[in-house]
Amino acid sequence: MDVNAAVAAAAAIAGVLTGVIAVLAFRWSEREQKRPTRTSLHTDPVLPPGVDTVLSVLRSSAVVLDEADAVVKASSAAYALGLVRGGKLAVEPMLQMARDTRRDGEIRQVELDLPRRGTGRGEALAVSARVAPLGSRLVLLLVEDLTEARRIEAVRRDFVANVSHELKTPVGALSLLSEAVMGASEEPEAVERFAGRMQIEATRLTNLVQELIDLSRVQNDDPLEDAEPVRIDELVAEAIDRCRHQAGAKQITMAAGGTADLSIWGNRGQLAAALGNLVENAVNYSPARTRVGIAARRVTAPGGDLIEIAVTDQGIGISDKDKERIFERFYRVDPARSRATGGTGLGLAIVKHVAASHSGEVTVWSSEGQGSTFTLRLPEAGAARDRATDDQTPGLDEDDETGQTDGTTTVSSPYEPFSAPEVLP
């Protein structure tokens, strides 16, 4: 009996202890749930009402820091720029600005150059950082990426400088030639010679001004506002007619093929100017008694059928280093030859912009001494019209403002002939 009583007493004591432990564990769990954690201290409820909504619509990169310099809130753009890493502000000058602003409450602003993440090159991000107090404990950092704006401004400065230089050359020549004419007023042969030179320089100046106007137009106008189906054979015939005199003087044969029953959708004037520039370059940079071919074909692509128009010459060709720059404004492979042919260095830049604004591209294959093939690749009329309906604002590449080669590609093999071209007189 005594043994049974002892067992019962032990069981009762064990039950009481289990109940006490359970109660203590339950209360400890409630206390832990109510205790503020590090995460809860740095989530949205810490921010003043409405701030989170405002930060979410800002174009600038936004970072909110607490009194311990920990990141309370950061936009996705801030992470993309590499401003925030591991929950901390990773840019020491900005962190020091935040500390100074927290100490005295003054708003601070500075422009910085930050290393670009993941490029391995010496490029830098230009940013403008502004720090302001946010409530009693928080600091708001707004960072604006100025890299693209600075790049565009530099390109515009270079463009103005290049235009000034290009305009000064024919204008200066005209001024000197006019003085020479006045000084040789009693020498009819000299007057005739100087007048002929003046006419050449005046033509060069006219062409330069016209191409500047054309380049400005293709950059600023939406070509699909006045878009229409444009037949390839008509564009080719117009381009050949434009260069017929120069080709005839050099005994260059021009041939076209594969252009029947093909159409593209776009601005006829711009497309004619682009193809005309390619054909004119082919003629100007080809030696006498050679051949310039123009061919077109339809190719299948995921977004719809494309029309490829290739212009092939047997000219001097383009070196590998020059192929990377030929679509830049005012860049000339052979400056001396360009002066002789009246080239302005803007023709290929215009071609590039026209192709990009029509949702297409221009590519080049070339080998020194063997000639070149420039290929315009544009959406076919039906596919382009459907695309224009879906997107009324076809975009240009960012580099279009610069005239660089980002929107163009260099292919590594010649363009295959489509069919036996028809020789045009």
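Up top you'll find the structure we're talking about.
Our subject in this report is the structure included herewith. Remember, predicted model here, so these are calculated numbers, not experimental data.

Turning to helix α10 (residues 268–284), a few remarks are in order. Relative to the 24 Å expected for 17 residues at 1.5 Å per residue, α10 spans 24 Å between its end C-alpha atoms, a close match to the ideal helical length. With 12 of 17 residues buried, α10 lies mostly within the body of the structure. Looking at α10, one finds that the buried residues are Gln270, Leu271, Ala272, Ala274, Leu275, Gly276, Asn277, Leu278, Val279, Ala282, Val283 and Asn284. Taking the backbone nitrogen of Gly269 as reference, a side-chain oxygen 3.1 Å away marks Asn267 as the first, capping residue of α10.

Before going further, it helps to spend a moment on the packing of α10 against helix α13 (residues 347–357). Orientation of α10 relative to α13, taken along the N-to-C sense of each, is 140°, at an axis distance of 9 Å. On the basis of their axis angle, the class for α10 and α13 is oblique. Here the hand of the crossing between α10 and α13 comes out left-handed. From α10, Gln270, Leu271, Ala274, Asn277, Leu278 and Asn281 reach across to α13, where they touch Gly347, Leu348, Ile350, Val351, Val354 and Ser357.

This structure, assessed with the given rule, holds one aromatic pair. On the basis of an interplanar angle of 75° and a centroid distance of 6.3 Å, the ring pair of Phe327 and Phe374 is categorised as edge-to-face. Note that Phe327 is positioned in the loop between α11 (320–323) and α12 (335–341) and Phe374 in strand β14 (residues 371–379), a separation of 47 residues in sequence. When sorted by exposure, Phe327 lands in the same class as Phe374, which is buried.

As a further point, take the pattern of salt bridges. Summed over the entire model, instances satisfying the criterion amount to 21 salt bridges. With a closest N to O distance of 2.7 Å, Arg231 and Asp233 form a salt bridge. Between Glu280 and Arg242 there is a salt bridge; the shortest N-O distance is 2.8 Å. Here Glu280 is found in helix α10, whereas its partner Arg242 is found in helix α8 (residues 232–242), with 38 residues between them in sequence. You can call Glu280 partly exposed: its relative accessible area is 23%.

With that settled, the discussion passes to the side chain of Ser286. Mapped onto the elements, Ser286 comes out in the loop between α10 and β11 (291–299). A relative accessible area of 0% means that Ser286 is categorised as buried. A polar atom in the side chain of Ser286 sits 2.4 Å from the backbone oxygen of Ala282.

What follows is about a negative patch on the surface. On the surface, a cluster of negative charge is made up of Glu186, Glu187, Glu189 and Glu192. You can see Glu189 is positioned in helix α7 (residues 188–220). Here Glu189 falls in the exposed class, since its relative accessible area comes to 66%.

Here we take up the sheet that holds strand β2 (residues 71–74). Spatial strand order, β2-β1-β7-β6-β5: five strands in an open sheet with antiparallel pairing. Whereas interior strands pair on both sides, the edge strands pair on one side only; in this sheet they are β2 and β5 (108–115). In this sheet, adjacent strand axes meet at a mean angle of 25° when their direction is disregarded. With five bridges joining them, strand β1 (residues 61–65) and strand β7 (residues 138–145) adopt antiparallel strand pairing.

Here we take up the packing of α8 against α10. A packed helix pair is summarised by two numbers, namely the angle formed by the two axes and the spacing between the axes. Here α8 crosses α10 at 50°, and the two axes come no closer than 9 Å. The pairing of α8 with α10 is recorded here as oblique in orientation. The way α8 lies across α10 gives a crossing that is right-handed. Contacts from Glu234, Leu235, Val236, Glu238, Ala239 and Arg242 in α8 reach Arg268, Leu271, Ala272, Ala273, Leu275, Gly276, Asn277, Val279 and Glu280 in α10.

Cut-off values and rules
- Residues numbered from 1 in each chain as written.
- Predicted model: local features only at pLDDT ≥ 70, side-chain atom pairs only at ≥ 80, totals over all residues.
- Heavy atoms only, no water.
- Helix = DSSP H or I, 4+ residues; strand = E, 2+ residues; numbered from the N terminus.
- Expected span 1.5 Å × (residues − 1).
- Buried < 20%, exposed > 50% of the residue type's maximum accessible area, 1.4 Å probe, protein only.
- Polar contact = N/O pair within 3.5 Å; in protein donor to acceptor, adjacent residues only side chain to side chain.
- Axes fitted to C-alpha atoms, helices over the stretch in contact; angles between N-to-C directions.
- Parallel < 35°, antiparallel > 145°, perpendicular 65-115°, else oblique.
- Left-handed = near helix turned anticlockwise from the far one by under 90°.
- Contact = heavy atoms within 4.5 Å.
- Phe/Tyr/Trp six-rings, centres within 6.5 Å; stacked < 30°, edge-to-face > 60°.
- Salt bridge = Lys/Arg side-chain N within 4 Å of Asp/Glu carboxyl O.
- Patch = residues over 30% accessible without salt bridge, like charges linked within 9 Å, V, L, I, M, F, W, Y side chains within 5 Å.
- Areas by Shrake-Rupley, 256 points an atom, 1.4 Å probe, with all protein chains shown as cover.
- Lys, Arg positive; Asp, Glu negative; His and termini not counted.
- Charge placed at Lys NZ, Arg CZ, Asp CG, Glu CD.
- Pairing = 2+ DSSP bridges.

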